[in-house]
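# Tertiary structure, described
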Amino acid sequence: MSAPLFQAVRGMNDILPDEHLYFSFIKKVVRHRCRQAGFRRITTPVMENVELFQRGLGDATDIVEKEMFVFTSNSGKRMALRPEGTAGVVRSYLQNGMQQLPQPVELYYIEPFFRYSRPQKGRFRQFHQFGFEVIGENDPALDAQVIYLAHRINQDLGVADKLQLQINTIGCKECRGAYREALVNYYIGKERSLCGDCKNRLNRNPLRLLDCKVEDCRILASIAPKFENSICDKCKAFHALVLEYLDAFQIPYVKNPQLVRGLDYYTNTVFEFWSRKEGAQNATGGGGRYDGLVELMGGQPTPGVGYAAGIERTIEYMKESGIRAPSKDKVHVFVAQLGLPAKKRAMTLIPKLRELGIYTLGAIGKASMKAQMGLADKFKAQYAIIMGQIEVQEEKAIIRDMTKGSQEIIPYDTVIEVLEKKLGRDKLETHRLWEE
Ligand code: AMP
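From a predicted model like this one, the values you see are computed outputs, not experimental measurements. Along each chain, numbering runs from 1 in the same order as the chain's sequence is written. Given that the model is predicted, a residue must reach a pLDDT of at least 70 before its local features are reported, and side-chain atom pairs must reach 80 or more before they are shown or counted; all residues, however, enter totals for whole chains, interfaces and linings. Side-chain measures here rest on the full set of heavy atoms in the structure, leaving out hydrogens and waters.

### What about the overall build of the protein?
Helix and strand definitions here come from DSSP, where helices need a minimum of 4 consecutive H or I residues and strands a minimum of 2 consecutive E residues; each element is numbered from the N-terminal end. Check the secondary structure of the protein and you find 15 helices and 16 strands. Only the C-alpha atoms count toward the radius of gyration. The rule for a globule is 2.2 Å times the residue count to the power 0.38. Taking 2.2 N^0.38 as the reference for a compact globule, 436 residues should give roughly 22 Å; the C-alpha atoms of the protein span a radius of gyration of 28 Å, well beyond that estimate. Judged by the C-alpha coordinates and their principal axes, the protein covers about 95 × 55 × 50 Å. In the protein, which comprises 436 residues, the proportion classed as buried is 49%. We call two residues in contact when some of their heavy atoms are within 4.5 Å. Looking at the protein alone, contacts between residues at least 24 apart form 70% of all its contacts between residues at least 6 apart. Accessible surface, the protein: about 23600 Å² in total, of which carbon and sulfur atoms supply 51%. Counted charges follow a simple rule, with Lys and Arg positive, Asp and Glu negative, and His plus the chain ends left uncounted. One atom stands in for each charge, and that atom is NZ of Lys, CZ of Arg, CG of Asp or CD of Glu. Charge separation in the protein, taken as the distance between the mean sites of 62 positive and 52 negative side-chain charges, equals 5 Å. Remark: exposure states derive from per-residue accessible area (1.4 Å probe, protein chains only) relative to the maximum for the residue type, with buried under 20%, exposed over 50%, and partly exposed in between. A 1.4 Å probe and the Shrake-Rupley method give the accessible areas. Residues count as covered only by the protein chains that appear here.

### Here's the deal with the domain arrangement of the protein
With domains assigned, the protein is organised as domain 1 (17–172 + 232–320) and domain 2 (333–434). Spacing between the C-alpha centres of domain 1 and domain 2 amounts to 48 Å. Note: domain ranges come from an automatic or database domain assignment.

### Comments concerning the nonpolar core
Ranked by internal contacts, the top residues of the largest apolar core, which has 53 residues, are Leu-57 and Tyr-187. Considering every element that reaches this core, the biggest residue donor is helix H6 (residues 173–187), with five residues. Setting aside chain neighbours within four positions, we find Tyr-187 in contact with Leu-194, Leu-202, Leu-209, Leu-220, Ala-221 and Ala-224. Residues Phe-25, Ala-144, Ile-311 and Met-318 belong to the second largest nonpolar core, which totals 40 residues. We call a set of buried residues a nonpolar core when its members are Ala, Val, Leu, Ile, Met, Phe, Trp, Tyr or Cys and they connect through side-chain atoms within 4.5 Å of each other.

### Some details on the packing of helix H12 (residues 340–355) against helix H15 (residues 415–423)
Interaxial distance between H12 and H15 falls to 11 Å at its minimum, and their mutual angle equals 35 degrees. As H12 runs across H15, the sense of the crossing is right-handed. Note on element contacts: H15 touches H12 through Val-415, Ile-416 and Leu-419, opposite Leu-349, Lys-352 and Leu-353. Asp, Glu, Lys and Arg are counted as charged, while Ala, Val, Leu, Ile, Met, Phe, Trp, Tyr, Cys and Pro are counted as nonpolar; the rest, among them Gly, fall into the polar class. When its residues are assigned to classes, the contact of H12 with H15 shows five nonpolar, no polar and one charged. Axis definition: a line fitted to C-alpha atoms, over the contacting stretch in the case of helices. Angles run 0 to 180 degrees between N-to-C directions. Left-handed describes a crossing whose near helix is turned anticlockwise from the far helix by less than a right angle; the clockwise case is right-handed.

### Some thoughts on the site of the ligand
The environment of the ligand is made up of 13 residues, and the closest members are Arg-115, Phe-124, Gln-129, Arg-261 and Thr-284. The backbone of Ala-283 places a nitrogen or oxygen atom 3.0 Å from an oxygen atom of the ligand. Relative to its unbound accessible area of 470 Å², the ligand is 90% covered by the protein chains. Mapped by element, the contributors of at least two residues to the shell around the ligand are strand S6 (126–135), strand S10 (283–289) and strand S11 (304–310). Ranked by the residues each element gives to the shell around the ligand, the list is headed by S10, at three residues. Among the residues making up the shell around the ligand, the classes are represented as four nonpolar, five polar and four charged. Distances are taken per atom, and a residue is near a molecule or strand as soon as one of its heavy atoms is within 4 Å of it. Within 3.5 Å is the distance limit for a polar contact, defined as a pair of N or O atoms, with the added protein rule that one can donate a hydrogen and the other accept it, and that residues adjacent in sequence qualify only through two side-chain atoms.

### A short note on the pattern of salt bridges
We define a salt bridge as a contact between a side-chain nitrogen of Lys or Arg and a carboxyl oxygen of Asp or Glu at a distance within 4 Å. With the rule as written, the count across this model stands at 19 salt bridges. Residues Asp-156 and Arg-33 are paired through a salt bridge, measuring 2.6 Å at the closest nitrogen-oxygen approach. One end of the pair, Asp-156, is in helix H5 (residues 140–157); the other, Arg-33, is in helix H1 (residues 17–36), with 123 residues separating them in the sequence. With relative accessibility at 25%, the residue Asp-156 sits in the partly exposed group. We note a salt bridge from Lys-422 to Glu-408, for which the minimum N-O separation is 3.5 Å.

### Topic: the pairing of S10
In terms of residue burial, S10 counts as a mostly covered element, since seven of its seven residues are buried. Here a strand pair is declared whenever DSSP counts at least two bridges between the two strands. Examined bridge by bridge, strand S9 (residues 267–275) and S10 share six bridges and lie antiparallel to one another. Counted as the bridge partner of Glu-272 is Gly-286 from S10.

### With respect to the packing of aromatic side chains
The geometry of an aromatic ring pair is captured by the separation of the ring centres together with the interplanar angle, meaning the angle of the planes. Planes of paired rings set the category: under 30 degrees apart is stacked, over 60 is edge-to-face and the rest tilted, where pairs are Phe, Tyr or Trp rings (Trp by its six-membered ring) whose centres lie within 6.5 Å. Inspection of the entire model under this criterion finds 14 aromatic pairs. Members of the aromatic cluster, connected to one another through ring pairs, are Phe-39, Phe-130, Phe-132, Phe-271, Phe-273 and Tyr-307. By the criterion adopted, a ring carries a charge over it if an Arg CZ or a Lys NZ lies within 6 Å of its centre and within 35 degrees of its normal. Above the plane of the ring of Tyr-186 lies Lys-190, whose end atom (NZ or CZ) is 4.1 Å from the centre. Across from the ring centre of Phe-379, 5.5 Å away, lies the NZ or CZ of Lys-378, which sits over that ring.

### What about unusual backbone geometry?
Leaving glycine out, the prevailing phi sign among residues is negative, and the prevailing peptide bond configuration is trans. A cis amide bond, omega 0 degrees, links Gln-103 with the succeeding residue Pro-104. Residue position: Pro-104 is located in the loop between helix H4 (86–95) and strand S5 (105–114). For Gln-250, which is not glycine, the phi dihedral falls at a positive 55 degrees. Mapped onto the elements of the fold, Gln-250 is located in the loop between helix H9 (233–248) and strand S8 (253–255). When its relative accessible area of 69% is taken as the criterion, Gln-250 is described as exposed.

### Here's the deal with the environment of Ile-147
Within the secondary structure layout, Ile-147 lies in helix H5. Taking the C-alpha atoms as reference points, Ile-147 and Leu-423, separated by 276 residues in sequence, lie 42 Å from one another.

### Regarding the sheet that holds strand S15 (residues 396–401)
Spatial strand order, S13-S12-S14-S15-S16: five strands in an open sheet with mixed pairing. Edge positions in the sheet fall to strand S13 (360–362) and strand S16 (406–411), since each of these pairs with one other strand and no more. When strand polarity is set aside, the average angle formed by the axes of neighbouring strands in this sheet is 25 degrees. Pairing of S15 with S16, which is carried by six bridges, proceeds in the antiparallel orientation. What sits directly across from Arg-400, in S16, is Gln-407.

### Regarding H12
Helix span is expected to be 1.5 Å times the residue number reduced by one. For H12, which comprises 16 residues, the first-to-last C-alpha distance of 24 Å matches the rise-based estimate of 22 Å (1.5 Å per residue) to within 8%. Three or more residues of H12 are buried, namely Ala-342, Arg-345, Ala-346, Leu-349, Ile-350 and Leu-353. Along its buried surface, H12 packs onto strand S12 (333–337), S13, strand S14 (383–387), helix H14 (389–393) and H15. The first or second residue beyond H12 is Gly-357, which carries a positive phi of 90 degrees.

As C-alpha cells, this is what we get:
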C-alpha cells in the first residue's frame, strides 16, 4: 500500500475513537471535581498576541524563547498559539472585569495547547491540558486546596499511587531577588563547566540552573547556595502553612529545593506531580502561586494560584497502570432486517429504541442476513431483533439473545417493552438535555 498523500503535521496527532474513551473519561472527572469544588469553566482563544506570553511567562523562559508557534497575521500583528493556559485566563479576568466579582474567582479549563518543541515520547506540538486557577486571594489554604483538587482527580483516574507530589517555595520578588544574586555570584568562575543552555540562563534566569538535567550542571546545582538561607520570614511562614494543610489533607509530598518550574510568574509555592518510577522525568502536571502576574498584565496587584496537567501524559500513566477508561459504548441491540417492509420497520424502530436509552445499531444497507448477524456478533450486541418479510406480515419480530444463542418470536408491538424489561429499564440512560 502506498503512503497516503497527506499526513498530520509533525507532533500533532489525531485523537482516534479508542483514545477518546480516555479523553472523555478525564474530562468527565475534571468537570465533576471542579464543579463540586465551586469552579466554573472558561475557554479562551487558541491564539493571543505574542506580547501576552512574553510579558506573562517571561522572555528568558524556554517556552517563550524557543517553544512558541509564532507567526504574523494577515494584518501584520505578531500572534502566538497559546503554549499554556494561565496567561490567557488572567488576560480574560482583567478584560472581563472579573475583579468586580466576589473573590477569589475560581476557573477551570480543558483545552488544546501548542509548543514548538522536538516531538518525542509524551511530548507533542499539540497537546491537551486541564487546569484550574484561583485568582484574587492570597492564603496558603488555597494553595493546598488546589493541590488537593489535583490529587483528588489523580485518585479518580487511578494514577495517584503512581505519582509523587514534589513541592518547593521560590519566595517573593524580594527574597528571590537576593537569592538570584547569591546564585549568580556562586556560578562566577564556574561558567566553563556549565552546559550551553545554563551559560545562557545564568544572567537571565539563574534559578533555572537548579533544575538542569545535564550531569555537570546537576553536580554544581547540588552544592549551590540554598534558598532556605535567603527566604524571608513571611514566605517561610507561608510555605510552612501550605505544608501543614497538605498534612491535614494527608497528601504525601517530597520537599524539593531544586524545583523551580520554568516560568517567571511564579511566587512562593511551586509543585509538580512526578512519576514514582526510577529515572522517569516526566511530570503529569504542575502549578504554583503567581502573585505578581495580574499586575504584570496591567491589573491591580492580585494574587493567584493554579495548576495544569497534561491529558496525553495522564492517559499514558493510566495505560501503564493497566487502567482502562470506562466505555458506555456497549451495544444493547442490533436490528437486522431483510426486504423493504422490514427495512422500513427497522428504520423507525432504531431511533425509537435509541431515545429510550437503548444503545442500538443496525445495518440498513444491502447486507445479507448472515452478514448482518456477523456484525451483531462483531459489535458484541446483547440482543438482536430480526425481521424478514414473514415477520412483518404476521406483525411479529424475532428476538435473539446473542450470548445464549436462544431466540423467540414476539408480537412486534411488544418489542420495546420486552427489550426494556430484559435490559432493566432503570439501567438505561436517557439523555435529558434540559434539567431543572
Ligand atoms: P508545564 O506547565 O509546562 O509543566 O506543563 C504541565 C503539563 O502539561 C506537563 O506536566 C505535561 O503533562 C503537559 N505537557 C507540557 N508540555 C507538553 C507537550 N509538549 N506535550 C505533551 N504534554 C505536555
